[in-house]
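# Observations on chain architecture
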Amino acid sequence: MVFIWAPLLSLAQEGGATRSTACLDCHDSDMMEPAFRDIPAHWRKSWHFQNSISCHDCHGGDPTDAAMAMSPERGFAGKPQYSEVPEFCGKCHIGILKNYLESRHGKALKASRSGPHCVTCHGSHRIQKADINIIDEKRCSQCHTYERAKMMKQALFATEKKIKDVRDSLRELRAAGVFIEEEEKTIFNTEAEFRTLFHSVDVSLIKDRSDGFVKKLEQIEAREKGVFRELEFRKNFSAFLTLVFLGLGAVIFLLSKPPE
Amino acid sequence: MTGKIKNWLEIRIGLDELVRTQLTEYRVPRGINIFYTLGIVALAAFISQVVTGFFLLIYYIPDTEHAFGSVQDIMSKVPFGWLFRLMHAVGSNLMVAVVIFHMLSVFFMGSYKKPREMTWISGAFMLLMTLAFCLSGYLLPWSQLSYWATTIVTSIPTAFPYAGEFVTRMMRGGETVSGITLNRFFALHVTLLPLLLILFIGIHLFLVRRIGISAPPFGKAAEKKKTWIAFAHEDHPDGHAFYPYFVQKEMYVLMAYFALMFFIISFLPTLFFPEDANTPADQFKTPAHIKPEWYFLAAYQMLKLIPNKLLGVSIQMALMVVFVLWPFFDTKEEENILQRPPLLAVFLLSLITWVGLTIWGKYS
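Residues numbered from 1 in each chain as written. Chains lettered and ligands numbered in written order. Predicted model: local features only at pLDDT ≥ 70, side-chain atom pairs only at ≥ 80, totals over all residues.

## Section: the overall build of chain B
Convention followed: Helix and strand assignments follow DSSP, with helices taken as H or I runs no shorter than four residues and strands as E runs no shorter than two, numbered in order from the N terminus. Here the globule rule is a power law, 2.2 Å times the number of residues to the power 0.38, and the radius of gyration is based on C-alpha atoms. Counting other C-beta atoms within 10 Å of its own, a residue is labelled buried from 20 upward, exposed at 12 or fewer, and partly exposed in the gap between, with every C-beta atom placed from the backbone. Remark: residues whose backbone-derived C-beta atoms lie within 7 Å of one another are considered to be in contact.
When its secondary structure is counted, chain B shows 14 helices and two strands. Its C-alpha atoms give chain B a radius of gyration of 23 Å, near enough to 21 Å, the size a compact globule of 364 residues would have. Overall size of chain B, expressed as C-alpha extent along the three principal axes, is 65 × 60 × 40 Å. Burial statistics for chain B: of 364 residues in total, 36% are counted as buried. Expressed as a percentage of contacts within chain B between residues at least 6 apart in sequence, the contacts between residues at least 24 apart total 76%.

Written as structure tokens, this is what we have:
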């Protein structure tokens with residue numbers, strides 16, 4: 001029973017990543033035209049890749065069968081039209097789609113077919129985890145002045161910072177061996193709700209709702225503080241027991257009778 | 001009051017004679033060193049595991065839906081549940097270390113030789129049972145580490161043709177690790193293995209007491225070694241009293257053991273808990289890096305070095321047989337390993353190889 005670990009070499013795979021697909025096999029190939037050959041490399045640096053979201057999850061098709069990988073019969077949707085990008089991404093990001101379509105950005109896109117959409121800010125394949133730094137002068141002043149975007153960023157700033165602080169504490173707790181799945185679910189849902197709200201690009205709405213988010217985050221923070229205090233107590237209690245046993249050992253040693 | 005109790009016991013079991021023959025007049029050899037206390041430390045470690053295990057048993061639920069959650073409840077909701085759980089987890093690793101050190105010191109002192117072959121064999125089996133405890137207990141939290149480690153362990157018999165698949169299915173109770181496996185390992189961990197180990201402890205202690213404690217093979221005590229041609233209890237009339245001399249030695253080593261345990265719990269609480277140990281089991285997600293516990297790392301690394309799985313497993317089984325039956329491989333009468341350079345070289349080389357493979361396995 002001591003000789004157990006060789007088969008793991010064949011069992012182990014990269015954590016979180018998907019296996020090779022028909023899509024990747026073609027797009028990684030030297031035969032593919034350069035513009036499409038870069039796509040897998042971009043995707044592998046994305047947040048989607050880290051969460052095991054692959055080509056067919058967005059574009060459809062059959063990833064296991066090269067002949068059917070781009071078949072409409074297997075749901076292949078290809079590259080969406082410019083004005084249909086929000087609905088393309090909104091297949092999964094439903095709440096964001098709703099807020100976006102009600103926003104000035106969404107109305108501009110539908111009216112003129114040329115407003116900003118998901119890819120404008122997030123990119124298409126090298127999508128990164130959303131954060132406040134997506135709002136920058138270069139990106140946001142393509143159609144209007146940066147002033148409005150700057151006000152948006154300021155409205156988001158405090159909540160964004162709190163989210164970061166809570167996540168950092170959760171990371172510390174996880175490293176300390178505490179099981180935090182409930183708290184991680186809560187922060188994930190709160191963060192998702194917060195990010196969804198941003199897509200309304202309505203500063204007054206964001207300011208109104210921020211208090212609610214901050215309260216939820218403060219509740220998580222309070223629980224985190226409680227856990228940190230408990231961990232500190234456990235450390236001190238165990239250290240006390242260490243000293244007790246060391247002391248007992250020392251006493252026995254000092255009082256011990258020498259051999260005849 | 002104490003006098004009355006003593007008198008009551010004296011009439012019924014001859015308490016004075018018992019204390020005199022087993023404690024105050026029972027002699028241990030001169031030159032007995034601190035390594036001789038490792039046996040009692042191993043026994044205390046096992047008792048600690050039983051006591052903490054009992055408290056865990058009150059709250060643990062051996063079911064795939066609830067096992068992980070029940071362990072988290074022990075850690076976060078049961079008053080001082082965290083202490084019992086950590087004592088049990090840290091204690092299991094310390095117990096393996098103590099048993100290994102005990103066997104190394106017995107080997108070094110040549111205390112496995114005639115007439116103590118059975119003592120060695122019973123001890124070797126107890127080491128294997130300790131490792132079986134560790135393996136069966138590993139699955140019970142039903143974490144990612146538990147699930148995948150057990151998947152790998154139970155696939156080992158498949159190295160052998162024909163019977164291998166059958167043995168694997170028997171261990172798992174099916175094709176894959178599941179709730180059936182959990183129940184089997186739970187039954188093994190809390191009933192069969194403890195009973196077996198207690199039986200072997202009884203045999204081992206009986207043999208130690210019946211034959212007598214062996215004297216260190218170095219110095220003056222070694223001059224009085226005799227040839228065994230008939231049974232005789234090995235006395236040490238010029239030795240030290242078991243009580244209080246050896247008992248006090250045992251006591252402060254025991255205190256050091258528990259101090260070490262609580263030191264680890266206090267300052268290194270995640271030493272034996274990688275992240276996968278704190279993530280619920282997910283049969284659809286294989287962790288990127290699975291490594292065994294430190295006491296299996298040498299075997300793990302050795303298997304990585306041997307290209308053929310059947311050959312690797314067979315070599316390790318052969319080594320295990322040699323280990324258990326070692327007294328029959330080394331039948332020379334000389335107990336002092338320092339007088340036997342080839343054996344000393346084999347001992348040191350094996351130890352260095354084991355340590356080297358362990359470190360290599362950790363960082364590979």
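From this point, the discussion proceeds with the structure in view.
## Structural notes on the overall build of chain A
When helices and strands are counted, chain A shows 14 helices and zero strands. Put simply, chain A runs from its N terminus to its C terminus through helices and strands in the order α-α-α-α-α-α-α-α-α-α-α-α-α-α. Relative to the globule expectation of 18 Å for 260 residues, the C-alpha radius of gyration of chain A, 27 Å, shows a markedly less compact shape. Counting all 260 residues of chain A, 23% fall into the buried class.

## Considerations on the environment of L43(B)
Among the secondary structure elements, L43(B) is positioned in helix α3 (residues 38-59). Separated by 155 residues in the primary sequence, L43(B) and I198(B) have C-alpha atoms spaced 9.9 Å apart.

## Observations concerning the interface of chain B and chain A
Spelled out, the test is: Each residue receives one of three labels: charged for Asp, Glu, Lys and Arg, nonpolar for Ala, Val, Leu, Ile, Met, Phe, Trp, Tyr, Cys and Pro, and polar for the others, Gly being one of them.
Taken together, the 43 residues of chain B in the interface contact 33 residues of chain A. Broken down by secondary-structure element, the contributors of at least two residues to the side of chain B that touches chain A are α6 (117-139), α7 (144-153), α10 (242-267), α11 (297-305) and α12 (309-324) of chain B. For the side of chain B that touches chain A, the element with the highest residue contribution is α10(B), accounting for 13 residues. Here the side of chain B that touches chain A is composed, by residue class, of 29 nonpolar, eleven polar and three charged.

## Side note on the confidence of the model for chain A
Low-confidence regions, as indicated by low pLDDT, have predicted coordinates that should not be scrutinised in detail. Counted only if it meets this: Confidence of the prediction at every residue is given by pLDDT, a number between 0 and 100.
In the predicted model, chain A carries a mean pLDDT of 85, and 92% of its residues have values of at least 70. This stretch, residues 1-17 of chain A, has a pLDDT under 50; its non-local contacts, to residues over four places away or in other chains, come to 47 contacts.

## Description of the nonpolar core
We count it as follows: The term nonpolar core refers to a group of buried residues, namely Ala, Val, Leu, Ile, Met, Phe, Trp, Tyr and Cys, whose C-beta atoms join them within 7 Å.
Counting 71 residues, the largest nonpolar core has V41(B) and M261(B) as its most contacted members. Elements with a minimum of two residues in this core: α3, α4 (67-76), α5 (81-108), α6, α7, α9 (179-211), α10 and α11 of chain B. With 13 residues, α5(B) is the single largest residue contributor to this core. With sequence-adjacent residues up to four places away left out, V41(B) is seen in contact with V98(B), V253(B), L254(B) and Y257(B). By size, the runner-up hydrophobic cluster in this structure holds eleven residues, among which are F194(A), L197(A), F198(A) and L217(A).

## Description of the packing of helix α12 (residues 146-175) of chain A against helix α13 (residues 181-198) of chain A
All names here are of chain A. Heads up, the rule is: Only the stretch in contact is used when fitting a helix axis, every axis being a line fitted to C-alpha atoms; angles between N-to-C directions are given from 0 to 180 degrees. Working definition: roughly parallel below 35 degrees, roughly antiparallel above 145 degrees, roughly perpendicular at 65 to 115 degrees, and oblique for all remaining angles. Take the far helix as your reference; a near helix turned counterclockwise from it by less than a right angle gives a left-handed crossing, and one turned clockwise gives a right-handed crossing.
α13 packs onto α12 with a crossing angle of 160 degrees between their chain directions and a minimal axis gap of 11 Å. In terms of orientation, α12 and α13 fall into the roughly antiparallel class. For the element pair α12 and α13, the recorded crossing hand is left-handed. Facing L156, T159, I163, V166, R167 and L170 of α12, the residues of α13 in contact are E183, E184, I187, E191, F194 and F198. Here the residues of the contact of α12 with α13 are counted per class, giving seven nonpolar, one polar and four charged.

## Observations regarding the confidence of the model for chain B
Model confidence for chain B is summarised by a mean pLDDT of 91, while 98% of its residues fall at 70 or above. Quick note on the complex model: pTM equals 0.82, ipTM equals 0.89.

## Some remarks on α5(B)
All names here are of chain B. We count it as follows: By this rule, a helix spans an expected 1.5 Å times one less than how many residues it contains. What is called the bend at a residue is the angle between a pair of axes, fitted to the seven residues leading up to and ending at it and to the seven starting from it.
Between its first and last C-alpha atoms α5 spans 40 Å; for 28 residues at 1.5 Å apiece the expected length is 40 Å, and the two agree. Roughly 25 degrees is the biggest bend found in α5, and it falls at G91. Backbone geometry just downstream of α5 places G110 in the positive-phi region, at approximately 65 degrees.

## Concerning unusual backbone geometry
Residue and element names in this part refer to chain B. In this structure, P115 follows K114 across a cis peptide bond, with omega equal to 5 degrees. Relative to the elements of secondary structure, P115 occurs in the loop between α5 and α6. Of note, the bond from Y243 into P244 is cis; its omega dihedral lies within 30 degrees of zero at 10 degrees.

## As for the packing of α6(B) against α7(B)
Residue and element names in this part refer to chain B. Here α6 crosses α7 at 130 degrees, and the two axes come no closer than 8 Å. What the angle tells us is that α6 and α7 run oblique. Contacts from L135, Y138 and L139 of α6 reach α7 at S146, A149, T150 and V153. Class assignment of the residues belonging to the contact of α6 with α7 gives a composition of five nonpolar, two polar and no charged.

## Thoughts on the environment of G361(B)
Residue and element names in this part refer to chain B. Among the secondary structure elements, G361 is positioned in helix α14 (residues 341-363). Classification of G361 by C-beta neighbours within 10 Å gives buried; the count is 21. Once the C-alpha coordinates of G361 and L297 are considered, the two residues, 64 residues apart in sequence, prove to be 5.3 Å apart. Apart from residues lying up to four places away in sequence, G361 is in contact with L297, A298, Y300 and Q301.

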